[in-house]
Amino acid sequence: MKITNEDNMELMARYEDNHFDLAIVDPPYGLGKRIHSGGSSSSFIKGQAKKIEKWDDAIPSKEYFKELLRVSKNQIVWGGNYFAKHLGNFRCFVYWDKTIHGNSYSDGELAWTSFDRPSRYFRQNIATITSEGRIHPTQKSIKIYEFIIDEFCNEGQKILDTHLGSGSIAIACHNLKYDLTACEIDKEYYDAAIKRIEQHKQQLTMF
């Protein structure tokens, strides 16, 4: 597992075409203050308001998506509906049903995929994320990444994540024994994710 605190464009520039079997990424959606101004009751989101506005002020560039498609054979991109002009049409998507409907959260989230196969559905209450220890505003659960890896990866394949965030994908890869290369540009999120990953590894060695 290789995890660095750097810009994802610098990371991807070091790798040849199709080096990674699958990129699983969760880029900023460009929502800015809309994340916390839509009536969210989450104290975590409210506390992170100013940081969120800066971090999520714009979607990644055209160059980012070009590099992502260059270094990986297949891709799964959370929030793919925000990046349609860069990703194009698709057959297969992953839908996460958050199970808490009709409140300030979206009922679910879409992930665009490059796979030519039937779509997949995952149901898990968003409150699970808080129970895992929330450290990032767009944090996904460990279980949803384990679900994606089980559905779309084969043993021995190399996975890329260009927006590590909370580190949930790293914990899923560790649990399922997959090779992961990832980066996070924000030092605060990076340090928190590394601490979370190491604590998870230590807990596993105790049993």
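In what follows, the structure referred to is the one given above.
Residues numbered from 1 in each chain as written. Predicted model: local features only at pLDDT ≥ 70, side-chain atom pairs only at ≥ 80, totals over all residues. Heavy atoms only, no water.

Moving on, we get to helix H8 (residues 142-152). Counting buried positions along H8 gives eight out of 11 residues, so the element sits mostly inside the fold. Of the positions making up H8, those classed as buried are Ile-142, Ile-144, Tyr-145, Glu-146, Phe-147, Ile-148, Ile-149 and Phe-152. (Buried < 20%, exposed > 50% of the residue type's maximum accessible area, 1.4 Å probe, protein only. Helix = DSSP H or I, 4+ residues; strand = E, 2+ residues; numbered from the N terminus.)

Applying the stated criterion across every chain, the model contains 16 salt bridges. A salt bridge links Arg-117 to Glu-151, with the shortest nitrogen-to-oxygen separation between them at 3.1 Å. With Arg-117 in the loop between strand S5 (108-113) and strand S6 (120-123) and Glu-151 in helix H8, the pair connects residues that are 34 residues apart, well separated along the chain. The class of Glu-151 is partly exposed, set by a relative accessible area of 29%. Between Lys-187 and Asp-191 there is a salt bridge, with its nearest N and O atoms 2.8 Å apart. Here Lys-187 pairs with Asp-191, and both are found in helix H10 (residues 187-205), just four residues apart, close to one helical turn. On the accessibility criterion, Lys-187 (45% relative accessible area) is partly exposed. Here the salt bridges do not stand alone but share partners, grouping Asp-26, Lys-98, Glu-109 and Lys-140 into one network. (Salt bridge = Lys/Arg side-chain N within 4 Å of Asp/Glu carboxyl O.)

To continue, consider the packing of H8 against helix H9 (residues 168-176). H9 packs onto H8 with a crossing angle of 55 degrees between their chain directions and a minimal axis gap of 8 Å. Regarding the angle of H8 to H9, the classification is oblique. Both H8 and H9 take part in a crossing whose hand is right-handed. Note on element contacts: H9 touches H8 through Ser-168, Ile-169, Ile-171, Ala-172, Cys-173, Asn-175 and Leu-176, opposite Ile-142, Tyr-145, Glu-146, Ile-149 and Asp-150. (Axes fitted to C-alpha atoms, helices over the stretch in contact; angles between N-to-C directions. Parallel < 35°, antiparallel > 145°, perpendicular 65-115°, else oblique. Left-handed = near helix turned anticlockwise from the far one by under 90°. Contact = heavy atoms within 4.5 Å.)

Ranked by internal contacts, the top residues of the largest apolar core, which has 51 residues, are Ile-24, Trp-78 and Ile-159. The leading source of residues in this core is H8, at seven residues. Apart from the residues within four sequence positions on either side, Ile-159 is in contact with Phe-20, Leu-22, Ile-24, Ile-149, Cys-153, Ile-169, Cys-173, Tyr-178, Asp-179, Leu-180 and Thr-181. (Core = buried A, V, L, I, M, F, W, Y, C linked by side-chain atoms within 4.5 Å.)

On to a nonpolar patch on the surface, then. A cluster of nonpolar side chains, Phe-90, Phe-93 and Leu-110, forms an exposed patch at the surface whose accessible area comes to about 230 Å². Residue placement: Leu-110 occurs in strand S5. Looking at Leu-110, the relative accessible area reads 32%, which means it is partly exposed. (Patch = residues over 30% accessible without salt bridge, like charges linked within 9 Å, V, L, I, M, F, W, Y side chains within 5 Å. Areas by Shrake-Rupley, 256 points an atom, 1.4 Å probe, with all protein chains shown as cover.)

Attention shifts here to the sheet that holds S5. With respect to topology, eight strands assemble into an open sheet ordered S1-S8-S7-S2-S3-S5-S4-S6, the strand pairing being mixed. Whereas interior strands pair on both sides, the edge strands pair on one side only; in this sheet they are strand S1 (2-4) and S6. Direction aside, neighbouring strands of the sheet carry axes that sit 15 degrees apart on average. Here four bridges tie strand S4 (residues 93-97) to S6, and the two strands are oriented parallel to one another. Bridging from a neighbouring strand, Asp-97 pairs with Arg-123 of S6. In the packing of helix H5 (residues 62-71) onto the sheet, the strands contacted are strand S2 (20-25), strand S3 (72-78) and strand S7 (158-161), and the crossing angle to S3 comes to about 135 degrees. (Pairing = 2+ DSSP bridges.)

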